[in-house]
Amino acid sequence: ERKAPKRDRKFMTNVPGVYLIGDVSGVPMIKNAINEGGAVIDYIVEDLKQAEGDGMADYDVAIIGIGPAGLSAALRLAQLQKAAGKTLSVAVLEKAAEPGAHLLSGAVLDPRALVELIPDFESKGAPLASKVREDRIYFLTSSGKIRFPITPPPLRNHGNYIVSIQQLGKWL
């Protein structure tokens, strides 16, 4: 079993100024990563307003990894900076050669978090493969399949989008 590092309700680890979001936090679903990426920036901005600079860092915010959580955090930070008319120095560090290069899986995306971050994501060309039109759940056997009579609520995806995480990451 994979153990997730500890963090508080504001995503802060036991190291002051170090926040933990996304896959490494133990909540690997893309909608959670996007939600966390947007939310953590609100907490960081709040903390920066209260902090006195000590001259230790050459930047105000460092975002490590630009998966869905990191990209959402960077976008939310850009939105807040623009709204406030202020500029922070931001370092975005990624191990891959380009955004999205290490994101390999496909996913079903609940668009609620994306709507909050980028309300017009569809008209801006978000790479949405298809909208989910129906759900079918099967129990697979060695000789065939048996369809479930109902779709349990956590598995209902009608109205969500099928996406490539790699393409979505690159687009974000």
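A short tour of the structure in this document, coming up. On a predicted model such as this, the values are computed, not experimentally measured, just so you know. (Residues numbered from 1 in each chain as written. Predicted model: local features only at pLDDT ≥ 70, side-chain atom pairs only at ≥ 80, totals over all residues. Heavy atoms only, no water.)

**So, the side chain of Thr-151**
So, step 1. Structurally, Thr-151 is set in the loop between β6 (145-147) and β7 (161-164).
So, step 2. Judged by its relative accessible area of 15%, Thr-151 falls in the buried class.
So, step 3. Not counting chain neighbours up to four residues away, the residues in contact with Thr-151 comprise Asp-135, Ile-137 and Arg-156. (Helix = DSSP H or I, 4+ residues; strand = E, 2+ residues; numbered from the N terminus. Buried < 20%, exposed > 50% of the residue type's maximum accessible area, 1.4 Å probe, protein only. Contact = heavy atoms within 4.5 Å.)

**Considering the pairing of β7**
So, step 1. By the alternation rule, side chains of β7 split into Tyr-161 and Val-163, which are all buried, and Ile-162 and Ser-164, of which none is buried.
So, step 2. Direction of pairing for strand β3 (residues 106-109) relative to β7: antiparallel, over a ladder of 4 bridges. Bridging across to β7, Gly-106 finds its partner in Ser-164.
So, step 3. Of the pairings in the sheet, the one linking strand β4 (residues 128-131) to β7 comprises 3 bridges and is antiparallel in character. Each bridged residue has a counterpart across the sheet, and for Ser-130 the counterpart in β7 is Ile-162. (Pairing = 2+ DSSP bridges.)

**Observations concerning the packing of aromatic side chains**
So, step 1. With the rule as written, the count across this model stands at 1 aromatic pair.
So, step 2. For the ring pair Phe-121 and Tyr-161, a centre distance of 6.1 Å and an interplane angle of 90° mean the geometry is edge-to-face. Highlighted residues: Phe-121 in the loop between α3 (112-117) and β4 and Tyr-161 in strand β7, separated in sequence by 40 residues. (Phe/Tyr/Trp six-rings, centres within 6.5 Å; stacked < 30°, edge-to-face > 60°.)

**Brief notes about the pattern of salt bridges**
So, step 1. One pass over the full model with this rule turns up 3 salt bridges.
So, step 2. Notably, a salt bridge pairs Lys-124 with Asp-120, separated by 3.7 Å at the nearest N-O pair.
So, step 3. Residue Lys-124 is classed as exposed on the basis of its relative accessible area, which comes to 51%.
So, step 4. Look at Asp-120 and you get partly exposed, because its relative accessible area is 33%. (Salt bridge = Lys/Arg side-chain N within 4 Å of Asp/Glu carboxyl O.)

**Side note on helix α2 (residues 68-84)**
So, step 1. Its 17 residues give α2 an end-to-end C-alpha distance of 24 Å, which sits within 8% of 24 Å, the value for a rise of 1.5 Å per residue.
So, step 2. Those residues of α2 that fall on the buried side of the exposure criterion are Pro-68, Ala-69, Gly-70, Leu-71, Ser-72, Ala-73, Leu-77 and Gln-81.
So, step 3. Gly-85, located one to two residues past α2, shows a positive phi value of around 65°. (Expected span 1.5 Å × (residues − 1).)

**Considerations on the sheet that holds β3**
So, step 1. With antiparallel pairing, the 3 strands of this open sheet are ordered in space as β3-β7-β4. In the strand order of this sheet, the two ends are held by β3 and β4, each with one partner. Ignoring which end each strand starts from, the neighbouring axes of this sheet average 25° apart. (Axes fitted to C-alpha atoms, helices over the stretch in contact; angles between N-to-C directions.)

**Some points on a nonpolar patch on the surface**
So, step 1. Residues Phe-139, Ile-146 and Phe-148 make up a contiguous nonpolar surface patch of roughly 300 Å² in combined accessible area.
So, step 2. Of the residues examined, Phe-148 reaches a relative accessible area of 36% and is grouped as partly exposed. (Patch = residues over 30% accessible without salt bridge, like charges linked within 9 Å, V, L, I, M, F, W, Y side chains within 5 Å. Areas by Shrake-Rupley, 256 points an atom, 1.4 Å probe, with all protein chains shown as cover.)

**A word on the pairing of strand β2 (residues 90-93)**
So, step 1. Here 4 bridges tie strand β1 (residues 61-64) to β2, and the two strands are oriented parallel to one another. Counterpart to Ile-64 in the pairing with β2 is Leu-93.
So, step 2. Assessed by its sense of winding, the connection that carries the chain from β1 through α2 to β2 is right-handed. (Right-handed = clockwise from strand over helix to strand, strands pointing away.)

**Points about the environment of Gly-67**
So, step 1. Among the structural elements, Gly-67 can be located in the loop between β1 and α2.
So, step 2. A C-alpha to C-alpha distance of 9.3 Å links Gly-67 and Ala-101, two positions 34 residues apart in sequence.
So, step 3. When near neighbours in sequence (up to four residues on either side) are disregarded, Gly-67 contacts Glu-94, His-102 and Leu-103.

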